[in-house]
Amino acid sequence: IYSCCYLNRRLNQLSSHDPLWKRHCKKYWLISEEEKARRNQGWRAIFISTYCDLGRYIHYYATLKKAWDDLEQYLGQWCPRMIGSLKESVREEDLDAVEAQIHCKLPDDYRCSFRIHNGQKLVVPGLMGSMALSNHYRSEDLLDIDTAAGGFQQRLGLRQCLPLTFCIHTGLSQYMALESVEGRNKYEIFYQCPDQMARNPSAIVMFITGTSYLEWFTSYVNKVVTGGYPIIRDQIFSLCSPLYRYVHDKDCVATTEDITVSVSTSFLPELSSVHPPHYFFTYRIRIEMSKDALPENICQLESRYWRITNAKGDVEEVQGPGVVGEFPVISPGKVYEYTSCTTFTTTSGYMEGYYTFHCLSNKDRFFNVTIPRFHMVCPTFKVPT
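Remember, it's a predicted structure, so these values are computed and weren't measured experimentally.

1. A short note on the sheet that holds strand 1 (residues 130–133)
Strand pairing in a sheet relies on backbone hydrogen bonds. The paired strands run either parallel or antiparallel. Taken together, three strands build an open sheet; the order of strands is 1-2-4 and the sheet is antiparallel. Only two strands of the sheet have a single partner each, and these edge strands are strand 1 and strand 4 (165–167). When strand polarity is set aside, the average angle formed by the axes of neighbouring strands in this sheet is 20°.

Written as structure tokens, this is what we have:
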């Protein structure tokens with residue numbers, strides 16, 4: 001008995017040793033030395049008080065908090081006006097009330113994210129990225145919990161699906177399945193697309209963009225902060241998942257003399273269909289002349305040539321003047337960017353080609369600039385059951 005008492009007393013002393021809790025505070029709650037000093041508490045007290053509030057999220061909190069912190073830091077540098085659209089965190093009772101309202105349990109990783117930020121206000125541009133064509137624009141907001149609950153679906157085709165995002169221009173949303181019904185996996189995230197050839201008008205095709213909220217959100221943030229999406233006019237030109245946005249492949253770059261061409265691509269589910277097969281892609285091309293180029297190398301784009309190949313190996317060749325009706329002049333350090341689109345009857349394909357330029361200082365000199373091969377791939381999809 002004496003030995004047990006001594007052992008318990010010793011364990012109690014060890015568990016009360018404050019420095020032992022420092023590692024756990026940093027690992028699970030990302031508490032810094034500065035925050036500890038501001039809170040004027042010991043490490044043990046901070047861990048216990050935080051656990052009492054967020055303990056059910058101990059396996060998710062650090063990952064999601066880091067993702068939010070990284071995103072805020074990036075937005076502060078590149079898209080500062082988006083910071084003001086972020087909403088403060090919600091309380092546990094707010095999330096419990098939503099579950100009671102929709103009669104479904106919310107996954108803990110989703111709940112955890114909203115304990116950090118309650119999505120954003122319905123503004124443009126949206127936090128989850130934008131995409132623009134000449135006659136088509138989309139910008140997706142990350143919905144707050146009340147707006148998401150208001151859009152909870154029980155209709156055939158989208159039963160027990162909760163919207164995560166919304167575009168006020170197109171009405172497009174990404175949904176998360178809260179139950180395994182209608183051929184979906186629980187917590188799967190997807191864009192819905194009407195099945196135009198189905199007899200049942202409620203039948204939809206699902207373009208899968210994530211297998212869980214944690215994977216969906218953190219993979220998006222990782223792409224943003226590592227430069228996977230271009231920033232254009234203070235907007236993140238992407239959409240909500242690695243499978244759906246202007247994705248810039250760092251290997252998809254070609255340099256000819258002083259001119260570099262790089263390409264970013266995106267798949268558009270709202271303009272695509274599986275039945276009949278019609279897969280719509282948009283691409284954004286950046287043409288840049290080195291700032292070290294000589295002034296006499298100023299040139300003008302005359303024409304373009306494309307070789308377009310689908311997944312079956314069918315080839316189409318396209319040649320024409322200029323690009324999108326323009327004949328840009330490229331000079332040292334200058335950048336020209338434009339957006340265009342293409343469609344495939346297969347789920348993937350690729351394009352390559354060249355631009356023909358002529359020198360303004362020597363109009364008899366023409367030369368071709370390589371456009372690197374870039375691939376376009378439709379995300380995984382499920383047909384209605």
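Still more ground to cover, so stick around.
2. Topic: a nonpolar patch on the surface
Judged by side-chain polarity, Leu-122, Val-124 and Ile-168 come together as a nonpolar surface patch covering roughly 250 Å² of accessible area. Following the sequence through the fold, Leu-122 ends up in the loop between helix 8 (108–114) and strand 1. Under the relative-accessibility criterion, Leu-122 is labelled partly exposed at 47%.

3. Some thoughts on the pairing of strand 18 (residues 366–377)
When strand 17 (residues 348–359) meets strand 18, the two strands line up antiparallel, connected through 10 bridges. Counted as the bridge partner of Tyr-355 is Val-369 from strand 18. Remark: six residues form the turn of the hairpin made by strand 17 and strand 18, two consecutive strands paired antiparallel.

4. Some remarks on the domain arrangement of the protein chain
For the protein chain, the assigned domains read domain 1 (9–56), domain 2 (60–236) and domain 3 (253–377). Each of domain 1 and domain 3 was reduced to a C-alpha centroid, and the two centroids are 55 Å apart.

5. Notes on the nonpolar core
Core analysis: the biggest nonpolar cluster contains 50 residues, and Leu-106, Tyr-110, Leu-127, Tyr-213 and Phe-217 have the highest contact counts within it. Broken down by secondary-structure element, the contributors of at least two residues to this core are helix 2 (20–29), helix 4 (43–54), helix 5 (61–78), helix 7 (92–102), helix 8, helix 9 (145–150) and helix 10 (213–225). Ranked by residue count, the leading element in this core is helix 5, at seven residues. The residue makeup of this core includes at least three contributed by each of domain 1 (9–56) and domain 2 (60–236). Among the nonpolar cores identified, the runner-up in size contains 37 residues, and Phe-207, Val-274, Trp-306 and Ile-330 belong to it.

6. Let's talk about helix 4
Given a rise of 1.5 Å per residue, 12 residues ought to cover 16 Å, and the 16 Å separating the end C-alpha atoms of helix 4 matches this to within 8%. Taken together, the buried positions of helix 4 are Trp-43, Ile-46, Phe-47, Thr-50 and Leu-54. Taken around the axis of helix 4, the buried residues stretch over an arc of 95°, which confines them to a single face. Elements in contact with the buried residues of helix 4: helix 2, helix 3 (33–39) and helix 5.

Conventions and cut-offs
Residues numbered from 1 in each chain as written. Predicted model: local features only at pLDDT ≥ 70, side-chain atom pairs only at ≥ 80, totals over all residues. Heavy atoms only, no water. Pairing = 2+ DSSP bridges. Helix = DSSP H or I, 4+ residues; strand = E, 2+ residues; numbered from the N terminus. Axes fitted to C-alpha atoms, helices over the stretch in contact; angles between N-to-C directions. Patch = residues over 30% accessible without salt bridge, like charges linked within 9 Å, V, L, I, M, F, W, Y side chains within 5 Å. Areas by Shrake-Rupley, 256 points an atom, 1.4 Å probe, with all protein chains shown as cover. Salt bridge = Lys/Arg side-chain N within 4 Å of Asp/Glu carboxyl O. Buried < 20%, exposed > 50% of the residue type's maximum accessible area, 1.4 Å probe, protein only. Domains from an automatic or database assignment. Core = buried A, V, L, I, M, F, W, Y, C linked by side-chain atoms within 4.5 Å. Expected span 1.5 Å × (residues − 1). Arc of directions from axis to C-beta. Contact = heavy atoms within 4.5 Å.

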